[in-house]
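Each chain, letter by letter, is given below.
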Amino acid sequence: QVQLVESGGGLVQAAGSLRLSCAGSGRTFSSYRVGWFRQTPGKEREFVAGISWSGGNTYYGDSVKGRFTISRDNAKNTVYLQMNSLKPEDTAVYYCAASMITTIDPDEYKYWGKGTQVTVSS
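All of these numbers come straight from a predicted model, not from anything done at the bench. (Residues numbered from 1 in each chain as written. Predicted model: local features only at pLDDT ≥ 70, side-chain atom pairs only at ≥ 80, totals over all residues. Heavy atoms only, no water.)

Visitor: So what's going on with the pattern of salt bridges? Which residues, and what values?
Guide: Under the criterion given, the structure shown has four salt bridges. Across the pair Arg 38 and Asp 90 runs a salt bridge, and its minimum N-O distance is 2.8 Å. Placement of Arg 38 in strand β4 (residues 33–39) and of Asp 90 in the loop between β8 (78–83) and β9 (92–99) is noted, with a sequence separation of 52 residues between them. Take Arg 38: its relative accessible area is 7%, and that puts it in the buried class. Residue Asp 90 pairs with Arg 67 through a salt bridge whose shortest N-O separation is 2.8 Å. (Salt bridge = Lys/Arg side-chain N within 4 Å of Asp/Glu carboxyl O. Helix = DSSP H or I, 4+ residues; strand = E, 2+ residues; numbered from the N terminus. Buried < 20%, exposed > 50% of the residue type's maximum accessible area, 1.4 Å probe, protein only.)

Next up, the structure:
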């Protein structure tokens, strides 16, 4: 069993930055791939970024490439999402999730956090 808790969301102006954290519990957390997704009302959940269990492999959605960076610290059971050059269209609830495979499909992620709101003002 893995539990995930997101933090770090908030209100920021366009072109600003935020860093989200995803704290995982459970002895096996470090063996999971972790992904960040986001969702706005009426839209499907969108893949944002993913990272391998070791942190050596990262992958991003096209809309955030070059602006967002995912990383992890397995000693702290935490995955981070550094978000730079934020745009109003980045406004969403951001979720972290854990999967045993490398995938951008949200259906393949078994464990989910409750999300943290990010609002980017213009």
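Further notes follow.
Visitor: A description of unusual backbone geometry should follow, citing residues and the corresponding values.
Guide: Phi angles above zero are rare outside glycine, and Ala 15 is one such case at about 80°. Residue position: Ala 15 is located in the loop between β2 (10–13) and β3 (18–25). For Asn 77, which is not a glycine, the phi torsion comes out positive at approximately 55°. Inspection of the secondary structure assignment puts Asn 77 in the loop between β7 (68–73) and β8. For Asn 77, a relative accessible area of 21% corresponds to the partly exposed category.

Visitor: Kindly report on the sheet that holds strand β1 (residues 3–7), identifying the contributing residues and their values.
Guide: If you walk across this open sheet you meet the four strands as β1-β3-β8-β7, and the pairing is antiparallel. Each edge of the open sheet carries a strand with a single partner, namely β1 and β7. Taking the axes of each pair of neighbouring strands and ignoring which way they run, one obtains an average angle of 15° across the sheet. (Pairing = 2+ DSSP bridges. Axes fitted to C-alpha atoms, helices over the stretch in contact; angles between N-to-C directions.)

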